[in-house]
Amino acid sequence: MDKRKLPPALRLENVGYRRDAGAAPVLSGVSFTVPAGQWVAIAGRNGSGKSTLLRLIAGLLPASEGGIEAAGTRIGPASLSEIRRRIGIVFANPDNQFVGQTVADDIAFGLENRCLKPEEIERRLLRYAELLEIADLLDRHPAYLSGGQKQRAAIAAVLALEPDIVLFDEAGSMLDESAKRELLAIMRQLREAGGYTMISVTHDSEELLAADRAILLANGTVAADGLPSELLKSERLLEACRLQAPYVLQVCRALRRQGVDVDDYLTEKELIDALWPSGSIMSPVAGKERIFGVL
Amino acid sequence: MRARIVVGRYIETGSWVHSLDPRAKTTAVLLFMAAVFMTDSYAGIAVLLLFSLIYMKAAAIPLSMFARAIKPLLLIILFIFVFHLLFTAGGSPIVDLGLFKLYAGGLQRGLVAASRMVLFVAFAALASFTTRPERLTQALGLLLKPLRYVGGSPDRMALMVSVSMRFIPTIFEEAERIWNAQVSRGLELRGRPMRQQARLILSLLVPVTAGAFRRALDLSESMEARGYRLGAPRSAYRRLTWQGKDTWFIVSFFPLLAAVWWL
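How each quantity is defined
Residues numbered from 1 in each chain as written. Chains lettered and ligands numbered in written order. Predicted model: local features only at pLDDT ≥ 70, side-chain atom pairs only at ≥ 80, totals over all residues. Contact = placed C-beta atoms within 7 Å. Helix = DSSP H or I, 4+ residues; strand = E, 2+ residues; numbered from the N terminus. Nonpolar A, V, L, I, M, F, W, Y, C, P; charged D, E, K, R; others polar. Buried ≥ 20, exposed ≤ 12 C-beta atoms within 10 Å, placed from the backbone. UniProt positions renumbered as here; feature names shortened; annotations may be inferred. Arc of directions from axis to C-beta. Pairing = 2+ DSSP bridges. Axes fitted to C-alpha atoms, helices over the stretch in contact; angles between N-to-C directions. Parallel < 35°, antiparallel > 145°, perpendicular 65-115°, else oblique. Domains from an automatic or database assignment. Core = buried A, V, L, I, M, F, W, Y, C linked by C-beta atoms within 7 Å. pLDDT = per-residue confidence, 0-100.

Peer 1: It is not clear to me how the interface of chain A and chain B should be interpreted in this structure. Could you clarify?
Peer 2: Size of an interface, as often reported, equals the accessible area lost when the parts are brought together. Taken residue by residue, the interface counts 30 residues in chain A and 26 residues in chain B. Listing elements by their share of the side of chain A that touches chain B, those giving two or more residues are α2 (80-86), α3 (103-113) and α4 (118-131) of chain A. Here the side of chain A that touches chain B gets six residues from one element, more than from any other, and that element is α3(A). Residues of the side of chain A that touches chain B, tallied by class, amount to 14 nonpolar, 10 polar and six charged.

Following this line, the structure appears as structure tokens:
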């Protein structure tokens, strides 16, 4: 993936949102800046305002207070078509985002809205179908695809628009475990390919861990903003956001409860290096005999 | 459930009927419909049947598929037949049932009206079986274009048809899931009075309708996020090409119309 000359960035200043004038705020005083190319994962309890925040960024809802600048353009009624060019969004339920009666038609839908020529539509369609490994599914009806295939098709439809910023609104929440892993791999590939600024709303601590930065929302405000590896070690924040600790961290804590002297780690490699410092399985740390009870 | 859905089904056989321009097939359905409504005799029905069978054979689609397309409408077709049989007088009386007298004219009207319905559904199914749904809706959008001059919105209508067809399998699937959930909780239609059956079916319709509204809202967000604006100009990925065989296909309907008119 080569494109992107523009330096996309996102800036939110004191953003607030109320459904109605007198209603309680869903979001208030949300401010943060996302440098171009960064992957930010947003987590929080149900009702904390995550998806609303994403809709504000995508220009699908108007902010009640403050302002959002996306890819150098302030979001407002006058700039919506520009925002649509710069920002793509992948929704939670892949079933409900298909317009076309075939995968090809669905990918082409957004490109037709931009009045692109059929040759250009065809070029992008094939390119992103190849990239998402769905080239053999182009003539299929979306209803007859698996959950993972549907989400791949939905991502292809968004990427074909060549946005600078890609938003994922709990894109893995309706997928089974293997499809979730596939999705996470795709998101990692996109980050590694460079050029995309990604904002993903998630309940999945593994996805949070894969991101460059994590923002935790609580009651419509930013409760924490920092490195995922640091935030995920805070039991208080995990509890506040109703997040499950990553698997390796859970193993570390279970080992400690069993009396094994081990710190909190987030990756398997860190944990293995800590348990067998010399790289040899024959030189264990104290309490190693209890490890297998935990695993 | 999916296998039972025949509406909007495309069946690839590679026949020349499949290769016709969808605009030609949509126009053909309209011409066939005109012929069907001009018919009022057994001879006319026989001609229409023969004509349809020729194109069904050419499309290489098994007749059983057409029967499946007609099956859901059997009750309506039966109703049309019985209605004419009971209430259309004319010709010589056949049977006297006391309250109703059945006439030969009523029997003929009933048979002709039922046959018209069967023929029309079968021919519309032929167009659907031989044309990809997205092409059919594209053709519909193009054919409806003149409506623009009288304040209509052909693009909106074509999109409505396209989205409806897109969601048929999804909503059927959801209905089946809700039905199974209710059956697993003891729902049983058999042996209940009609009134109760209607109430239970309503309990299925409410969540399916609510689900359809939710899907519609999600879909509108997805469309908006991808830059769709009602009435805004759009390009078309798929281009349709009219060939000589499409003209000949349409021309073949004129002798049919003449024959039906004459008979």
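Peer 1: What am I meant to see in unusual backbone geometry here?
Peer 2: Glycine aside, residues mostly have negative phi, and peptide bonds are mostly found in the trans state. The backbone of Glu170(A) sits at a positive phi, close to 45°, despite the residue not being glycine. Take Glu170(A): there are 20 C-beta atoms within 10 Å of it, and that puts it in the buried class.

Peer 1: Explain the UniProt feature "domain: ABC transporter" (unreviewed entry) in chain A to me, please; I cannot follow it from the model alone.
Peer 2: Using the residue numbers shown here, the UniProt feature "domain: ABC transporter" (unreviewed entry) corresponds to residues 10-244 of chain A. Between the C-alpha atoms that bound residues 10-244 of chain A the distance is 28 Å, and the span itself is 37% helix and 25% strand.

Peer 1: Whenever I open this one, helix α10 (residues 247-257) of chain A confuses me. Can you help?
Peer 2: Counting along an α-helix, one turn takes 3.6 residues, and residues three or four places apart therefore face a common direction. Residue and element names in this part refer to chain A. Those residues of α10 that fall on the buried side of the exposure criterion are Leu249, Cys252 and Leu255. One side of α10 holds all its buried residues, which, seen down the axis, span an arc of 120°. Where α10 ends, the next residue or the one after it, Gly259, has phi of about 95°, a positive value.

Peer 1: Which parts of the structure should I look at to understand the UniProt feature "transmembrane region" (unreviewed entry) in chain B?
Peer 2: All names here are of chain B. In this numbering, the UniProt entry assigns the feature "transmembrane region" (unreviewed entry) to residues 28-51, 72-90, 110-129 and 247-262. Secondary structure over residues 28-51 splits into 88% helix and 0% strand, and the C-alpha atoms at its two ends are 12 Å apart. Across residues 72-90, the secondary structure splits into 74% helix and 0% strand, with the terminal C-alpha atoms separated by 31 Å.

Peer 1: Help me understand the pairing of strand β10 (residues 221-226) of chain A, please; the structure alone is not making it clear to me.
Peer 2: Regular strands show a simple pattern: their side chains alternate between the two faces of the sheet. Judged from the five bridges that link them, strand β9 (residues 213-218) of chain A and β10(A) form a sheet pairing that is antiparallel. Counted as the bridge partner of Ala218(A) is Thr221(A) from β10(A).

Peer 1: I tried to follow the packing of helix α1 (residues 22-38) of chain B against helix α5 (residues 104-129) of chain B on my own but got confused; where do I start?
Peer 2: For any two helices packed against each other, one specifies the crossing angle of their axes together with the interaxial distance. Residues and elements named next belong to chain B. Where α1 meets α5, the axes come as close as 10 Å, and the angle between the chain directions of the two elements is 175°. Relative to α5, the element α1 is oriented roughly antiparallel. Counted together, Lys25, Thr26, Ala28, Val29, Phe32, Met33 and Val36 of α1 and Arg116, Leu119, Phe120, Phe123, Ala124 and Ala127 of α5 form the full contact between these two elements. Among the residues making up the contact of α1 with α5, the classes are represented as 10 nonpolar, one polar and two charged.

Peer 1: Please clarify how the domain arrangement of chain B should be interpreted in this entry.
Peer 2: What the domain assignment reports for chain B is domain 1 (2-146 + 240-262) and domain 2 (156-225). Relative to domain 2 of chain B, the C-alpha centre of domain 1 of chain B lies at a distance of 29 Å.

Peer 1: How do you make sense of the sheet that holds strand β8 (residues 197-201) of chain A when you look at a structure like this?
Peer 2: Whenever strands of a sheet pair, they do so through backbone hydrogen bonds, lying parallel or antiparallel. All names here are of chain A. Taken in spatial order, the six strands of this open sheet run β6-β7-β8-β3-β9-β10, and their pairing is mixed. The two strands at the open ends of the sheet, each matched to only one other strand, are β6 (87-90) and β10. Strand-to-strand, the axes of this sheet are offset by a mean angle of 20°, without reference to chain direction. Across the sheet, helix α1 (residues 50-57) lies against β3 (39-44), β6, β7 (165-169), β8 and β9, angled at about 150° from β8, the strand it touches most.

Peer 1: Whenever I open this one, the environment of Ala171(A) confuses me. Can you help?
Peer 2: Residue and element names in this part refer to chain A. Considering the arrangement of structural elements, one finds Ala171 in the loop between β7 and α6 (177-193). Judged by local crowding, Ala171 falls into the buried class, with 28 C-beta atoms found within 10 Å. As for Ala171 and Glu69, which are separated by 102 residues in sequence, their C-alpha atoms are 24 Å apart. The contacts of Ala171, once residues within four sequence positions are left out, are Val90, Ala92, Gln151, Leu183 and Ser200.

Peer 1: Sorry if this is basic, but what is going on with the nonpolar core here?
Peer 2: A general trend in soluble globular proteins is that nonpolar side chains are found buried together. Ranked by internal contacts, the top residues of the largest apolar core, which has 90 residues, are Ile57(A), Ile107(A), Ala156(A) and Leu167(A). When residues of this core are assigned to their parent elements, the largest contribution, seven residues, is made by helix α5 (residues 147-159) of chain A. Two domains each donate at least three residues to this core, and these are domain 1 (10-241) and domain 2 (248-294) of chain A. Setting aside residues up to four positions removed in sequence, Leu167(A) forms contacts with Leu54(A), Ile57(A), Ala58(A), Ile87(A), Gly88(A), Ile89(A), Val90(A) and Ile199(A). Counting 29 residues, the second largest nonpolar core, distinct from the first, contains Phe32(B), Ala114(B), Phe129(B) and Val260(B).

Peer 1: Quick question: what am I supposed to make of the pairing of β6(A) here?
Peer 2: Residues and elements named next belong to chain A. Where burial is concerned, the two faces of β6 agree: the one with Ile87 and Ile89 and the one with Gly88 and Val90 are both buried. In this sheet, β7 lies alongside β6 in parallel orientation, the contact comprising four bridges. Along β7, the bridge assignment pairs Val90 with Phe168.

Peer 1: What is the right way to read the confidence of the model for chain A from this model?
Peer 2: Where the model shows low pLDDT, its predicted coordinates should not be examined in detail. Considering every residue of chain A, the mean pLDDT works out to 86; 91% of them sit at 70 or more. Confidence drops under a pLDDT of 50 for residues 1-6 of chain A, and excluding neighbours within four residues, the segment shows eight contacts in the predicted structure.

Peer 1: Any chance you could explain the packing of α1(B) against helix α10 (residues 253-262) of chain B here in plain terms?
Peer 2: Residue and element names in this part refer to chain B. Between α1 and α10, the shortest axis-to-axis distance is 9 Å and the interhelical angle comes to 10°. The orientation of α1 with respect to α10, classified from their angle, is roughly parallel. On the side of α1, the interface is formed by Ala28, Leu31, Phe32, Ala34, Ala35 and Met38, while α10 contributes Phe253, Leu256, Leu257, Val260 and Trp261. Per-class residue counts for the contact of α1 with α10 are 11 nonpolar, no polar and no charged.

Peer 1: When you look at the sheet that holds strand β5 (residues 73-74) of chain A in this model, what are you seeing that I'm missing?
Peer 2: Residue and element names in this part refer to chain A. One open sheet holds the four strands; their spatial order is β2-β1-β4-β5, and the pairing between them is antiparallel. Each edge of the open sheet is held by one strand with a lone partner, namely β2 (25-34) and β5. Two elements, strand β4 (residues 65-70) and β5, share two bridges in a ladder whose sense is antiparallel. Bridge assignment links Ala70 to a residue of β5, and that residue is Thr73.

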